[in-house]
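Reading the structure
Listed below, chain by chain, are the residues.
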Amino acid sequence: MDSIKPLPELPTLNVIMPLTEYRMTSKFGWRKHPITGKRDFHNGIDLATRAGIVRSIMEGTVESTGYHRNLGNYVCIDHGFVHSVYGHLSRVTVKNGQAIAAGYPVGITGKSGRTTGEHLHFSIRSNGIYIDPWKFLRRILQHIENEH
């Protein structure tokens, strides 16, 4: 967590979870890859749900959308001090360069790309380095709670 830039001093930093209902099926870090069976570093968390509306965790600008052979249909959002990535989507609902608010729908969960079933792959990058999105969300929500 040392590589995360300091949180911006904003009076109304609004943060939400990317899904309202989910079951975590894979954590951040080293694991046995579910397809290859080999030891592999997982740069995000996997949240399983069916036809879930995926929402931006914070306001930002859509940096990129597209298709990646592993992530499938994805959206990457620039929040200024971090980037959030949402993968394996069945549908993308935003466009590159679009400014969006926290909670704005960016897509629908799916099973595009290299996956064993429908879920959201969610990751956070800080200074180009992937960090644990679960710890990041906990830290930023704690920060907001302490400010109020």
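A brief look at the structure comes next. (Residues numbered from 1 in each chain as written. Predicted model: local features only at pLDDT ≥ 70, side-chain atom pairs only at ≥ 80, totals over all residues. Heavy atoms only, no water.)

A few points about the pattern of salt bridges
Put simply, the rule is: Criterion for a salt bridge: a side-chain nitrogen of Lys or Arg within 4 Å of a carboxyl oxygen of Asp or Glu. Helix and strand assignments follow DSSP, with helices taken as H or I runs no shorter than four residues and strands as E runs no shorter than two, numbered in order from the N terminus. Buried, partly exposed and exposed residues are distinguished by accessible area as a fraction of the type maximum, computed with a 1.4 Å probe on protein chains only: under 20%, between the cut-offs, and over 50%, respectively.
Summed over the entire model, instances satisfying the criterion amount to 2 salt bridges. Residue Asp46 pairs with Arg31 through a salt bridge whose shortest N-O separation is 3.7 Å. With Asp46 in strand β4 (residues 45–48) and Arg31 in strand β2 (residues 29–32), the pair connects residues that are 15 residues apart, well separated along the chain. Since its relative accessible area comes to 8%, Asp46 is described here as buried.

Describing the packing of aromatic side chains
To be explicit about the condition: Centres within 6.5 Å make a pair out of two Phe, Tyr or Trp rings, where for Trp the six-membered ring is used; the pair is then stacked when the planes are under 30 degrees apart, edge-to-face when over 60, and tilted otherwise.
Scanning all chains against the criterion turns up 5 aromatic pairs. Each ring, one from Trp30 and one from Phe41, has its centre 5.4 Å from the other, and the planes form 75 degrees; the classification is edge-to-face. Of this pair, Trp30 sits in strand β2 while Phe41 sits in strand β3 (residues 39–42); the two residues are 11 residues apart in sequence, bridging distant segments of the chain. Consider the rings of Tyr86 and Phe122, whose centres lie 5.4 Å apart with planes at 45 degrees: the pair is tilted. Note that Tyr86 is positioned in strand β8 (residues 83–92) and Phe122 in strand β11 (residues 120–126), a separation of 36 residues in sequence. Considered together, Tyr86 and Phe122 belong to a single accessibility category, that of buried residues. Through a chain of ring-to-ring contacts, three or more aromatic side chains come together here, namely Phe28, Trp30 and Phe41.

Some points on unusual backbone geometry
Comment: phi is negative for the bulk of residues other than glycine, and the bulk of peptide bonds are trans. In this structure, Ala51 is a non-glycine residue whose phi angle is positive, near 50 degrees. On the basis of relative accessibility, which here comes to 56%, the residue Ala51 falls in the exposed class. Its identity as a non-glycine residue notwithstanding, His88 has a phi of 70 degrees, on the positive side. For His88, the location among the structural elements is in strand β8.

Honestly, it's all geometry; don't read function into it.
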